[in-house]
Amino acid sequence: MHDQPWTAADVVAIDLEGTGSQDRQDEAILEIAAVPLAEGRPHMSEAWVTAINPGRWISPRPWISPGLTGNALAGAPALDEVSGVIAEKLNGKILLGHNIGVDWRLIHLRLPHIEPARLLDTARLIRHLRPNIKRWNLTGLLTHYELGDQVTALVPDGQPHRALWDAVGAALLLAELVGHLPDKADTTLATLTRVAGLEIRDKAKPAETDQLTLDLHTDT
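Residues numbered from 1 in each chain as written. Predicted model: local features only at pLDDT ≥ 70, side-chain atom pairs only at ≥ 80, totals over all residues. Heavy atoms only, no water.

Now for unusual backbone geometry. Positive phi outside glycine occurs at glutamate 39, with the angle close to 55°. Locating glutamate 39 in the fold gives a position in the loop between β2 (29–38) and β3 (41–42). Exposure remark for glutamate 39: the relative accessible area of 71% places this residue in the exposed category. Of note in the backbone geometry, asparagine 99 takes a positive phi value of approximately 60° without being a glycine. Inspection of the secondary structure puts asparagine 99 in the loop between β5 (94–97) and α2 (100–110). On the basis of relative accessible area, asparagine 99 is assigned to the buried category, the value being 0%. (Helix = DSSP H or I, 4+ residues; strand = E, 2+ residues; numbered from the N terminus. Buried < 20%, exposed > 50% of the residue type's maximum accessible area, 1.4 Å probe, protein only.)

Encoded structure:
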């Protein structure tokens, strides 16, 4: 229901790490994380993350996330092996991410059977709140709002530009940014969708996937 508090909505924060959009139709998923929210906070006991073996050798590149290359992926499951689990975790859910259009494009490319309820984008929300910001990525925003230590506490073995760390970061960032909205205590799902929603039909529009980047990692 759109008029319910956003904290009561069935939201799952996600992040995907891939081989890069320069691969176009051949882009592969290298890692995916899904973190349900409970009362607006990451529900870490239900968090899920897996690396993906893309079936080809991945050499280190500036845009490839750390640790997702070569032999590190050899023992990971193939996408087909976990596609059912991914569908269970994402289908019918409200998917949240930073620049969620990038993640959704790759999901739709590789897992076209995934059908979320809607998409929420913290990048769109920060543009609504602070339209003069041009080049802040997820890590920069977490640093600005002093959330980085909280992410690290929840994901002690993670790091920026890895899927679980970034998904948890997006979840914490959402709660922080909602706190800057007018009538923050009464923010409904409808309000949040209006200022941070991305239409699923717009997944491929460049205007919706523009990056707020500080470095070479263009998917967070």
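Right, let's get into the packing of helix α3 (residues 122–129) against helix α7 (residues 189–196). Here α3 crosses α7 at 85°, and the two axes come no closer than 8 Å. Here α7 runs roughly perpendicular to α3, going by the angle between their axes. Along its contact with α3, which presents Arg124, Leu125 and His128, the element α7 presents Leu192, Val195 and Ala196. Of the residues assigned to the contact of α3 with α7, the class counts are four nonpolar, one polar and one charged. (Axes fitted to C-alpha atoms, helices over the stretch in contact; angles between N-to-C directions. Parallel < 35°, antiparallel > 145°, perpendicular 65-115°, else oblique. Contact = heavy atoms within 4.5 Å. Nonpolar A, V, L, I, M, F, W, Y, C, P; charged D, E, K, R; others polar.)

Right, let's talk about the pairing of β5 for a bit. Neither face of β5 is left uncovered, since the one carrying Ile94 and Leu96 and the one carrying Leu95 and Gly97 both have all their residues buried. Judged from the three bridges that link them, strand β1 (residues 11–18) and β5 form a sheet pairing that is parallel. Bridge pairing in β5 links alanine 13 to leucine 96. Taken together, the four bridges between β5 and strand β6 (residues 118–121) define a ladder with parallel strand orientation. When the sheet's bridge partners are listed, glycine 97 is paired in β6 with aspartate 121. Once you follow β5 into α2 and on to β6, the crossover reads as right-handed. (Pairing = 2+ DSSP bridges. Right-handed = clockwise from strand over helix to strand, strands pointing away.)

This part is about helix α6 (residues 163–178). Spanning 16 residues, α6 covers 23 Å between terminal C-alpha atoms, matching the ideal 22 Å at 1.5 Å per step. Most of α6 sits inside the fold, with 14 of its 16 residues counted as buried. (Expected span 1.5 Å × (residues − 1).)

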